[in-house]
Amino acid sequence: MESEAKRLALEQLYRDKFRPEEYLCTYYRTLDAEVEFFLRNLHHFFFVSNGGHHDGTFQEHEKQVEVSDDEMNKKKKGRRVLEIGSGPVPISMISASRWSEWIVCSDFLEQNRHNIKQWLLTMTATTTSTAPGRHDDDETWLPFFRYVTELERAESETLLLERVRHSVRAVVPCNVLLTDPLMNDKEAAQNADGNSLYDVIITTLCLEFATLSVDEYSAAVGNVTRLLSPGGFLVVQGALGNSHYWHNNHQFPSVTLSRAVVEAAVKKAGCLLVDWRELARCCPLQDKPADHSAVFYCLARKNQI
Ligand SMILES: C[S@@+](CC[C@H](N)C(=O)[O-])C[C@H]1O[C@@H](n2cnc3c(N)ncnc32)[C@H](O)[C@@H]1O
């Protein structure tokens, strides 16, 4: 009963106090080493290891670049990627859109979904005018797109902006505390072959902030994994050793994660751990008002049955 009240209070805190623009001003004002770490991991997963289907060595990267675009374009049509807890942040989709042209973004908050939709619409409006794929609103995200452009050795960030716009099919509500986090959303399920499971699910800095205990965190990982196809990949990125972050003059709580907690949760959810990486904190407190000691990348594969 008490934990139910705490959970409702957390949901209310997000609904009432989370301000997308202010969040971006604090946490995405510049491209820092921790965000680079997240972007590099996603690039490695989608581009170098081809969505988990190669071992991802440097040679594979070279091969990938050589074989590439035609073959990739054929394959990407049938693949489905879901991001859980996108917030107002469109950058996980950059690498994902190289691998799949069916990406669904989701978030708990209406204001965050609105923010992402506006950004996508701006891009749509712009691509029908004289300057394809670029707009003043993109300025916030250009350094992030540029970073991935360099990783991919792509021609320009404009192409990647276009690619994201083309690939994101829906931005839908989600609640990771529910056994069906997408609440059977029609838009999210909409697909040519009627399949509602995903080949890859990405979630960055969400699950530890949406939950209040290790047990709840573990249940949330299980709920999200239910949306994954057997043999599909779960990419969880987040903060280690964190108890809270500051936003809009409020303290937003976090479950304090360790590698052992995350690994136990993905195993309990029926996944096999494939890769683990971490980066010790490198952003000063005044730049990032949160108390994490490191950030992590966890790649897991859902068991076939
Ligand atoms: C710290 S923000 C991270 C946003 C973004 N992924 C990023 O990397 O910056 C936490 C996100 O979790 C979302 N969230 C909070 N409670 C949630 C819940 N119960 N289910 C799903 N998402 C939730 C919030 O709306 C917010 O977008």
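Structure first, text after, so check above.
A quick note: this is a predicted structure, and the numbers were derived from the prediction, not measured. (Residues numbered from 1 in each chain as written. Predicted model: local features only at pLDDT ≥ 70, side-chain atom pairs only at ≥ 80, totals over all residues.)

Some remarks on the overall build of the protein chain
If you tally the helices and strands in the protein chain, you get 12 helices and 9 strands. Counting the 305 residues in the protein chain, one finds 42% classified as buried. Once local pairs closer than 6 in sequence are excluded, the contacts in the protein chain between residues at least 24 apart make up 72%. (Helix = DSSP H or I, 4+ residues; strand = E, 2+ residues; numbered from the N terminus. Buried ≥ 20, exposed ≤ 12 C-beta atoms within 10 Å, placed from the backbone. Contact = placed C-beta atoms within 7 Å.)

Side note on the site of the ligand
As a structural note, the neighbourhood of the ligand is formed by 19 residues, with G85, G87, F108, L205 and A210 the closest of them. In terms of residue class, the shell around the ligand is built from 12 nonpolar, 6 polar and 1 charged. (Near = placed C-beta within 6 Å. Nonpolar A, V, L, I, M, F, W, Y, C, P; charged D, E, K, R; others polar.)

As for the sheet that holds strand β5 (residues 228-240)
Ordered in space as β3-β2-β1-β4-β5-β9-β8, the 7 strands form an open sheet in which the pairing is mixed. On the outer flanks of this sheet lie β3 (168-173) and β8 (271-280), each paired with one strand and no other. Adjacent strand axes in the sheet meet at a mean angle of 15°, parallel and antiparallel pairs treated alike. Taken together, the 6 bridges between strand β4 (residues 198-204) and β5 define a ladder with parallel strand orientation. Considered in β5, the bridge of Y198 is made with L228. Sheet strands touched by helix α3 (residues 33-48): β4, β5, β8 and β9 (294-302). Its angle to β9, the strand with the most contacts, is close to 20°. Relative to the sheet, helix α12 (residues 259-268) contacts β5, β8 and β9, its axis offset from that of β8 by approximately 160°. (Pairing = 2+ DSSP bridges. Axes fitted to C-alpha atoms, helices over the stretch in contact; angles between N-to-C directions.)

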